[in-house]
Amino acid sequence: MPAHPPLPWPELEARIGRWIELEARSEEPFGWPAEEFSNDREEKFARWVVMAASVHPRFRFVRNETVHWSPPRKPLAASRVALLSTGGIRLRSQPRYEVDCELADAAWNAIPSTASAGAFAIDHEHYNHADADGDVNCMLPVERLRDLAAAGAVGAAAPRHVGLMGCISDPGRLLAETAPAVAAMLASDGVDVVLLTPG
Amino acid sequence: MGLIQNVIEGAGIATISATMKPEITQYVRAPRAARLRLPQGNPLGEAGRARQQRGILGDLLRLPWVMGEPESIVTLPHRWRREARPSVVLPGGGSGEAPAAL
């Protein structure tokens with residue numbers, strides 16, 4: 001039973017803004033009691049935003065104002081599938097990402113889908129990628145996608161996958177430049193479905 | 001991740017995103033997402049377990065054909081079987097929780 005009805009977005013956003021201001025002025029850690037939230041997700045989200053804002057001065061939370069929806073056009077067994085990871089993944093031969101979140105590195109890399117599993121590097125300091133360092137398929141399943149294509153469950157792997165950083169305090173450049181460029185490349189490759197994975 | 005996902009979806013390409021933080025995914029308003037109860041860094045499961053990885057990948061890729069509501073988040077049943085592990089490895093080899101995994 002929720003403590004309150006879910007807060008409408010403008011009200012939740014305003015509360016979070018007030019909390020961030022109070023947090024910034026307070027000498028001691030500051031927070032709302034759990035009873036102020038209508039459910040776990042609302043509480044976890046609000047606490048995450050406040051924490052991110054306290055750690056990263058340039059952080060701003062941006063949400064989609066309009067949600068797009070494109071149903072698949074053909075069966076999976078006939079579809080061309082691309083992978084995209086925000087875990088800071090790239091080929092070893094590609095330039096390193098900037099790991100400082102304040103610099104909001106919106107660089108991205110096209111990764112040939114034929115790349116061998118040992119050709120990857122991961123630049124990120126916010127999660128444990130020890131497993132993916134040894135087996136990239138934990139995060140960007142390039143070999144597993146080839147397995148499914150060979151078995152006929154998937155039409156084909158797209159010619160190029162995508163790697164980029166996930167730690168971007170200010171997504172302005174991501175939205176203005178990176179996302180349209182990535183979408184244009186995927187469209188030009190005739191991609192039908194994209195699987196996005198975090199770090 | 002839900003921001004770039006939405007741009008790709010807007011270009012006419014169906015998408016599915018994996019998430020271990022559904023509270024963020026919900027509020028960013030991702031078009032179509034699957035929650036996995038797996039640790040950060042392992043959205044496709046454990047290293048060296050190709051069968052598990054194929055199973056998770058196959059389940060994720062089928063979702064665009066069965067999810068009919070924008071912004072919905074489904075939870076997949078795959079679970080972590082290995083012993084507990086740190087969510088982040090700090091410089092110098094220590095471990096702990098990430099301060100803010102954006």
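Sequence positions are assigned chain by chain, starting from 1 and proceeding in written order. Written order decides the labels, with chains lettered from A and ligands numbered from 1. Under the rules for a predicted model, residues below a pLDDT of 70 receive no local features and side-chain atom pairs below 80 are neither given nor counted, while totals for whole chains, interfaces and linings still include all residues. Values reported for side chains reflect all heavy atoms of the structure, with hydrogen atoms and water molecules removed beforehand.

A.B. asks: Could you give an account of unusual backbone geometry, with specific residues and numbers?
C.D. replies: All names here are of chain B. For R29, which is not a glycine, the phi torsion comes out positive at approximately 70°. The helix and strand labels rest on DSSP assignments: H or I over at least four residues marks a helix, E over at least two residues marks a strand, and numbering proceeds from the N terminus. Considering the arrangement of structural elements, one finds R29 in the loop between α2 (22–28) and β2 (32–37). Residue classification places R29 among the buried positions, given a relative accessible area of 18%. The phi dihedral of E71 is positive, around 75°, even though this residue is not glycine. The topology assignment puts E71 in the loop between α3 (50–62) and β3 (72–79). Overall, the relative accessible area of 32% leaves E71 in the partly exposed class. Burial status follows relative accessibility: with a 1.4 Å probe on protein chains alone, a residue under 20% of its type maximum counts as buried, one over 50% as exposed, and anything between as partly exposed.

A.B. asks: Mind laying out the interface of chain A and chain B, listing which residues take part and the relevant values?
C.D. replies: Opposite the 71 residues of chain A that make contact, chain B presents 66 residues. Summing both sides of the interface, chain A and chain B together bury roughly 5800 Å²; the carbon and sulfur share of this comes to 67%. A 1.4 Å probe defines the accessible area here, and the buried area is the portion of it lost by two parts on being joined, summed over both. If you sort the residues of chain A by the area they bury against chain B, R41(A), W69(A) and N128(A) come out on top, with a joint share of 14%. A pairing counts as a salt bridge when a side-chain nitrogen of Lys or Arg comes within 4 Å of a carboxyl oxygen of Asp or Glu. Linking chain A to chain B there are one salt bridge. Between D147(A) and R54(B) there is a salt bridge; the shortest N-O distance is 2.8 Å. Whenever two N or O atoms come within 3.5 Å, that pair is a polar contact, provided that in protein one can donate a hydrogen and the other can accept it, and provided that, for residues adjacent in sequence, both atoms are side-chain atoms. Across the chain A-chain B interface, the total number found is 24 residue pairs in polar contact (both at pLDDT 80 or more). Should any heavy atoms of two residues lie within 4.5 Å, those residues are counted as being in contact.

A.B. asks: Could you give an account of the pattern of salt bridges, with specific residues and numbers?
C.D. replies: Evaluation of the coordinates by the stated rule reveals 17 salt bridges over all chains. We note a salt bridge from D170(A) to R60(A), for which the minimum N-O separation is 2.9 Å. Here the residue D170(A) occupies a position in the loop between β6 (160–164) and α5 (172–188), and R60(A) occupies one in the loop between α2 (40–55) and β1 (80–85), the gap between them amounting to 110 residues. Salt-bridge contacts for D59(B) lead to R62(B); the nearest nitrogen and oxygen are separated by 2.9 Å. Placement of the pair is D59(B) and R62(B) together in helix α3, with a separation of three residues, close to one helical turn.

A.B. asks: Quick one: what's the story with the packing of aromatic side chains, residue by residue and with numbers?
C.D. replies: Ring geometry is summarised as follows: Phe, Tyr and Trp rings, the Trp one being its six-membered ring, pair when their centres sit within 6.5 Å, and such pairs are stacked at plane angles under 30 degrees, edge-to-face over 60 and tilted between the two. Inspection of every chain in the model, using the stated rule, returns 11 aromatic pairs over all chains. Centre to centre, the rings of W9(A) and F61(A) are 6.0 Å apart; their planes meet at 50°, and the pair counts as tilted. Separated by 52 residues along the polypeptide, W9(A) in helix α1 (residues 9–25) and F61(A) in the loop between α2 and β1 bring together distant segments of the chain. Residue classification places W9(A) among the buried positions, given a relative accessible area of 18%. Ring geometry for W9(A) and Y27(B): centres 6.0 Å apart, planes at 35°, overall tilted. Here W9(A) is found in helix α1, whereas its partner Y27(B) is found in helix α2 on a different chain. Here W9(A) matches Y27(B) in class, with each residue buried. Taken together through their ring pairs, the aromatic side chains of W9(A), F45(A), W48(A), F59(A), F61(A) and Y27(B) make up a single cluster. The ring of W9(A) has R63(A) sitting right over it, with the charged end atom 4.0 Å from the ring centre. In this analysis the charged atom, NZ for Lys or CZ for Arg, is taken to sit over a ring once it is within 6 Å of the ring centre and within 35 degrees of the ring normal. Taking the ring centre of W69(A) as reference, the NZ or CZ of R32(B) above it sits at 4.0 Å.

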